[in-house]
Amino acid sequence: MEVTLLGTGDTTGTPTPGCSCDTCEAARERGVERTRYSVHVRNERTGESLLVDASPDFRYQFLERDVDLPDAAVISHIHFDHLDGLGNAYRLFSDLPVYAADETDPATGESVAETIRSDYDYLDAVTVSAQSPFESFETCGFEVTLVPVDHPPLVCYGLAIEDPETGAKLSLSGDTSYDVPERSREVLADPALLLADGIVTADLCQHHPLGGAHEDADGVPRTFGTKHMTVEGAKSLGEDLGADRTRVVHVSHYISADQAFGDGLAVDGERYEL
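Rules behind the numbers
- Residues numbered from 1 in each chain as written.
- Predicted model: local features only at pLDDT ≥ 70, side-chain atom pairs only at ≥ 80, totals over all residues.
- Heavy atoms only, no water.
- Helix = DSSP H or I, 4+ residues; strand = E, 2+ residues; numbered from the N terminus.
- Rg over C-alpha atoms; globule rule 2.2 N^0.38 Å.
- Buried < 20%, exposed > 50% of the residue type's maximum accessible area, 1.4 Å probe, protein only.
- Contact = heavy atoms within 4.5 Å.
- Areas by Shrake-Rupley, 256 points an atom, 1.4 Å probe, with all protein chains shown as cover.
- Lys, Arg positive; Asp, Glu negative; His and termini not counted.
- Charge placed at Lys NZ, Arg CZ, Asp CG, Glu CD.
- Salt bridge = Lys/Arg side-chain N within 4 Å of Asp/Glu carboxyl O.
- Polar contact = N/O pair within 3.5 Å; in protein donor to acceptor, adjacent residues only side chain to side chain.
- Arc of directions from axis to C-beta.
- 1 Å grid on protein atoms, 1.4 Å probe; cavity = no way out; pocket = protein on both sides within 12 Å on 5 of 7 lines; lining within 4 Å.
- Points joined across faces, edges and corners; volume = space filled by probe spheres on them.
- Nonpolar A, V, L, I, M, F, W, Y, C, P; charged D, E, K, R; others polar.
- Phe/Tyr/Trp six-rings, centres within 6.5 Å; stacked < 30°, edge-to-face > 60°.

Colleague: Any details on the overall build of the chain? Residues and values, ideally.
Modeller: Across its full length, the chain holds six helices and 16 strands. Relative to its length of 274 residues, the chain is compact, with a C-alpha radius of gyration of 17 Å against a globular reference of 19 Å. Across its three principal axes, the chain shows a C-alpha extent of roughly 50 × 40 × 40 Å. Counting across all 274 residues of the chain, residues that qualify as buried make up 56%. Across the chain, every contact between residues at least 6 apart in sequence was considered, and the portion connecting residues at least 24 apart equals 64%. Taken as a whole, the chain presents about 11300 Å² of accessible surface, with 43% of it coming from carbon and sulfur. Measuring between centres, the 19 positive side-chain charges of the chain sit 5 Å from its 51 negative side-chain charges.

Okay, here's the thing in structure tokens:
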């Protein structure tokens, strides 16, 4: 299993357009980026590739990174920075199976799968397959399981991706607070690599209207507001799950420049063999 981090940023990415903050300037100086979130997972046994979330930066990411176009995709939730790249299926694919959860979201009145089906009904290449959380399905030679996480007000899902032949396992937290349900944690547990949502460092919780939540034993918030983990929370989740390695993704440009490119925080283009 070859994992390439196509996009490791939040909704505006780093550098953010029009921003001259120290972190965006440092990213420019270093020649690194965090485009909108997306992960490419290649099955070297079968030669197939799975895309996790379709970034609005799809075109740029696939031109920039030496990876194949995907044979299938999984969408974790319907926020634009994880979904709108599906529009790139136009003329690029004759058939792109897209997997998403079948649970009805009280906030929208439809499931993630139904939203994708209605939003992209004009794309003949996109075939939506609705999947039930906790029930594994096969695609690209992998066993994939969607699990509910905590990203109010919309439903959102993490994923476990396993190669049944090699035993390699990749877990993705999805966009979530630290309050990942126990049953979901059990599915995500013991990965070789965990990609965990950590949007800011815990010290920035003081600037959120709702502050921080899910403090650790030292009083450090592991959730920023209600929707995302802090960097500290993402790393704690990795410890909780027994991950061999944790990379923090969905990182924003609000983290100070002296911390934004530090230990554990991913940037675009990282590649892992599991």
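Colleague: Can you tell me about unusual backbone geometry, naming the residues and giving the values?
Modeller: Excluding glycine, a negative phi dihedral is what most residues carry, and trans is how most peptide bonds are arranged. Cis geometry is adopted by the peptide bond preceding P15, which originates at T14 and carries an omega value of -5°. Counting through the fold element by element, P15 comes out in the loop between β1 (2-7) and α1 (22-30). For the peptide bond that leads from P152 to P153, omega is 10°, which places it in the cis range. Relative to the elements of secondary structure, P153 occurs in the loop between β8 (142-148) and β9 (157-162). Unlike most non-glycine residues, F134 shows phi in positive territory, near 75°. Tracing the backbone through its elements, the reader meets F134 in the loop between β6 (126-131) and β7 (137-139). On the basis of relative accessible area, F134 is assigned to the partly exposed category, the value being 24%.

Colleague: If you had to explain the side chain of D268 to someone new, which residues and values would you point to?
Modeller: Within the fold, D268 resides in the loop between β15 (246-249) and β16 (271-273). It is R65 that comes nearest to the buried, bridge-free D268 among opposite-charge side chains, at 4.7 Å. Looking at D268, its side chain comes within polar contact range of the side chain of T8, at 2.8 Å. Among the polar contacts made by the side chain of D268, one reaches the side chain of T35 at a distance of 2.6 Å. If we skip the residues at most four places from it in the chain, D268 touches L5, L6, G7, T8, E33, R34, T35 and R65.

Colleague: An account of helix α4 (residues 112-119) is requested, with residue identities and associated values reported.
Modeller: Residues of α4 that are buried include every one of V112, A113, T115 and I116, and no others. Down the axis, α4 shows its buried residues gathered within 165° of arc, on one side only. Those residues of α4 hidden inside the fold are in contact with α3 (80-83), β5 (96-101), β6 and β9.

Colleague: Any chance you could break down the environment of V180 for me, citing the residues and the numbers?
Modeller: Tracing the backbone shows V180 in the loop between β10 (169-172) and α5 (182-188). Judged by relative accessible area, V180 falls into the buried class, the value being 5%. Along the backbone, V180 and E135 are 45 residues apart, and their C-alpha atoms lie at a distance of 18 Å. V180 has contacts with V149, R185 and L237, leaving out every residue within four places of it along the chain.

Colleague: Which residues make up the layout of surface pockets, and what values go with them?
Modeller: For the largest pocket, the calculated volume is near 360 Å³. A class-by-class count of the residues in the lining of the largest pocket yields seven nonpolar, nine polar and four charged.

Colleague: How would you summarise the pattern of salt bridges if you had to cite specific residues and measurements?
Modeller: The final tally for this structure, using the stated rule, is six salt bridges. Between R36 and D57 there is a salt bridge, with the nearest N and O atoms lying 2.7 Å from each other. Within this pair, whereas R36 is found in the loop between α1 and β2 (38-43), its partner D57 is found in the loop between β3 (48-52) and α2 (58-64), the two being separated by 21 residues in sequence. Accessibility classification places R36 together with D57 in one group, the buried group. Between R247 and E270 there is a salt bridge, with its nearest N and O atoms 2.7 Å apart. One end of the pair, R247, is in strand β15; the other, E270, is in the loop between β15 and β16, with 23 residues separating them in the sequence.

Colleague: Residues and numbers for the packing of aromatic side chains, please.
Modeller: A full pass over the atoms with the stated rule returns three aromatic pairs. Plain terms: the ring middles of Y99 and F137 are 4.8 Å apart, the flat faces sit at 20° to each other, and that makes the pair stacked. With a gap of 38 residues between them, Y99 in strand β5 and F137 in strand β7 connect regions that are remote in the sequence. With respect to class, Y99 is no different from F137; both count as buried.

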